[in-house]
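# Descriptive structure summary
As a plain string of letters, each chain reads:
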Amino acid sequence: MKLTEWVECRLARLAPPWMIGEIRISPGYLLTHRADAPEDPGLQLLSDWESLLELARFDAAGRFRPLRGAPGLRKGWRRGPLSIDELVADLQLLYPGAVAVWAAWEEERLVSTPFSETAGRQTGLYEGTRRLPADDLSLLVEEICTRGCLRRPLWYSFERPSGDRGEIPLLCPEVCHYFLHKARSRAAARKAA
Amino acid sequence: MKPRRKNLEGRGLILAGHGSMFSPESALPIYRHAASLRACGAFAAVYECFWKEEPSYRNILHVVEEACVYLVPDFLSHGYFTREIVPREFGLVGPVTRRGSCEIRYCEPPGRHPRMAEAIAEQAAKTLGEIPSCGVALLLVGHGTDRNENSAQTAWEQAERIRASGRFAECSVAFLEQEPSVARWRELIASRDLAVVPFFLSEGKHSYVDIPRMMGLARQPRDPDFRNPQTTEKGRRVYYAGAAGMAPIVDQVILAQVDAFDEAHRMG
Ligand code: SF4
């Protein structure tokens, strides 16, 4: 089954509105920030992909958001009505991979990659991440993933998503580059100390 | 975009870019190429992914649904990323890799295709406007001595093609970090007027600041009073163009690399 069909069927079995990260999906596939009221006439319509990309990549102060799962998505906009194809494409920009990973998770074919495996493959600048002490790893997970990201790091701890009604889980099967970058700095600081 | 002679229906395209955690402009050409290739409808789906941004190379493998995908490293040349990182992260074993039910065809970077010379010339022509290019030199400026990319060799090859096309009075290559240095542009170019094309995929500090500064230009592209051309000593006029990778036809160069892959590997 194609991912778009899967999403359409799956959403039909969940009570709307559907939530994913900081996004609310209303029936007819209308997207808004979850803290905004979808019927608010003051919301600005984002009609093209460039403005959606801007929304995903920059916060309200215009700062670049290297981590899409980080809380802090701008408010005050709306998008839609969207077809199912457009909905899946939009979510791919907002939370890359999240929908496909959700489908894989539900179909019990999601394989997550432990940190040691990702770090073990690294060469060049990121090779140092292999030597990150376990204590530092858990501190970084707490700081970056738990407090700074809405995704759940399945690569670190297996935790069943709550399955709240209408809530689409944001799952992370493998450490992201942002995390690797921080891990590298931490490992380098350790080495220097 | 021109109609295609080959049917790629049912096949996907992955554009693997570099991206950056600090410079948002780095990923822009990849997003543009992907949007344009999506709009042309040649592929069942077009996916963009990045080494330093989301979605990552690893992440995109969860998303791809087609039984056959072309993987194009959206770079100007081969180097550490195209030879080591991309193959490693995608688990490639050669030009053709089977991963589960998916066949991945690993293409050459667009910067190496002969048609990239057209993209470079197009950027120069755009900045020249009505000025006939045959009286103007083209100066292609690359990074040089980069442990990550062998762009110097590729820049020389593309310059040779531009020279052979006869479209410009002359065509030279210069670099930021190796000889011939772009600081010596006055000796490298005999023509009075020149169009400068940064041989970079995206705009950024190299194209906006480093090249103009090394050339001794009074204004940089981001300055509010920047104008083309800038007249320097002895009345020489410098037309400063956009980065090569930002040329609108790079999407066609990517398609050309996909075709070139199938031709080279005799695949349908
Ligand atoms: S590794 Fe952590 S910070 Fe990065 S996407 Fe996953 S959960 Fe978020």
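Residues numbered from 1 in each chain as written. Chains lettered and ligands numbered in written order. Predicted model: local features only at pLDDT ≥ 70, side-chain atom pairs only at ≥ 80, totals over all residues. Heavy atoms only, no water.

## Observations regarding the domain arrangement of chain B
Residue and element names in this part refer to chain B. If you check the domain split of chain B, you get domain 1 (11-110 + 249-264) and domain 2 (116-246). Here the C-alpha centroids of domain 1 and domain 2 sit 27 Å apart. Ranking the residues of domain 1 by area buried against domain 2 places Glu25, Leu76 and Ile249 at the top, with a combined share of 40%. The interface formed by domain 1 and domain 2 includes one salt bridge. Linking Glu25 and Arg222 is a salt bridge whose minimum nitrogen-to-oxygen distance equals 2.6 Å. At the junction of domain 1 and domain 2, the tally comes to four residue pairs in polar contact (both at pLDDT 80 or more). A total of four residues in the side of domain 1 that touches domain 2 trace back to one element, the largest contributor, which is helix H1 (residues 28-40). (Domains from an automatic or database assignment. Buried area = accessible area lost by both parts, 1.4 Å probe. Salt bridge = Lys/Arg side-chain N within 4 Å of Asp/Glu carboxyl O. Polar contact = N/O pair within 3.5 Å; in protein donor to acceptor, adjacent residues only side chain to side chain. Helix = DSSP H or I, 4+ residues; strand = E, 2+ residues; numbered from the N terminus.)

## A closer look at the packing of helix H1 (residues 3-12) of chain A against helix H3 (residues 84-94) of chain A
Residue and element names in this part refer to chain A. Running from amino to carboxyl end, H1 crosses H3 at an angle of 100°, the nearest separation of the two axes being 9 Å. Judged on the interaxial angle alone, H3 and H1 are roughly perpendicular. Between H1 and H3, the residues in contact are Leu3, Thr4, Val7, Glu8 and Leu11 and Ile84, Asp85, Leu87 and Val88, respectively. When the residues that make up the contact of H1 with H3 are grouped by side-chain class, the tally is six nonpolar, one polar and two charged. (Axes fitted to C-alpha atoms, helices over the stretch in contact; angles between N-to-C directions. Parallel < 35°, antiparallel > 145°, perpendicular 65-115°, else oblique. Contact = heavy atoms within 4.5 Å. Nonpolar A, V, L, I, M, F, W, Y, C, P; charged D, E, K, R; others polar.)

## Remarks on the packing of aromatic side chains
Residue and element names in this part refer to chain A. Considering all chains together, one arrives at 15 aromatic pairs over all chains under this definition. Aromatic pair Trp18 and Tyr29: ring centres 6.1 Å apart, planes at 45°, arrangement tilted. Separated by eleven residues along the polypeptide, Trp18 in strand S1 (residues 18-20) and Tyr29 in the loop between strand S2 (23-26) and strand S3 (30-33) bring together distant segments of the chain. Both residues of the pair, Trp18 and Tyr29, belong to the buried class. Each member of the aromatic cluster is reached from another via a ring pair, and the members are Phe115, Trp155, Tyr156 and Phe179. Arg184 extends its terminal NZ or CZ atom over the ring of Tyr126, reaching a point 5.6 Å from the ring centre. (Phe/Tyr/Trp six-rings, centres within 6.5 Å; stacked < 30°, edge-to-face > 60°. Buried < 20%, exposed > 50% of the residue type's maximum accessible area, 1.4 Å probe, protein only. Lys NZ or Arg CZ within 6 Å of the ring centre and 35° of its normal.)

## Notes on the UniProt feature "domain: DR2241 stabilising" (unreviewed entry) in chain A
UniProt's entry tags residues 29-103 of chain A with the feature "domain: DR2241 stabilising" (unreviewed entry), counted in the numbering of this structure. In residues 29-103 of chain A, the share of helix is 35% and the share of strand is 12%. The end C-alpha atoms are 18 Å apart. (UniProt positions renumbered as here; feature names shortened; annotations may be inferred.)

## Remarks on the confidence of the model for chain B
Reading predicted coordinates in detail is not appropriate for stretches of low pLDDT. Residues and elements named next belong to chain B. A residue-level look at chain B finds 96% of positions with pLDDT of 70 or above and a mean pLDDT of 92. Of all helices and strands in chain B, the one with the weakest mean pLDDT is strand S9 (residues 230-231) (86), whereas strand S1 (residues 12-17) scores best (98). Under the prediction, the complex receives an ipTM of 0.95, its pTM being 0.94. (pLDDT = per-residue confidence, 0-100.)

## Notes on the site of the ligand
Lining the immediate surroundings of the ligand are A:Leu67, A:Ile144, A:Cys145, A:Cys149, A:Arg151, A:Trp155, A:Cys172, A:Val175, A:Cys176 and A:Phe179. Tallied by class, the residues present in the shell around the ligand amount to nine nonpolar, no polar and one charged. (Near = heavy atom within 4 Å.)

## With respect to the domain arrangement of chain A
All names here are of chain A. Each assigned domain of chain A is listed here: domain 1 (3-106) and domain 2 (115-192). Tallying the contact residues gives 22 residues for domain 1 and 19 residues for domain 2. For the pair domain 1 and domain 2, the summed buried area comes to about 1,800 Å², and 71% of that belongs to carbon and sulfur atoms. Interface area lost by domain 1 to domain 2 is led by Leu67, Trp102 and Trp105, which between them contribute 34%. Our count for the contact surface shared by domain 1 and domain 2 stands at one salt bridge. Residue Glu167 pairs with Arg34 through a salt bridge whose shortest N-O separation is 3.1 Å. Seen at the junction of domain 1 and domain 2, the total is four residue pairs in polar contact (both at pLDDT 80 or more). For the side of domain 1 that touches domain 2, the secondary structure elements donating two or more residues are S1 and helix H4 (98-106). It is H4 that provides the largest number of residues to the side of domain 1 that touches domain 2, a total of four residues. Partitioning the side of domain 1 that touches domain 2 into residue classes produces 18 nonpolar, two polar and two charged.

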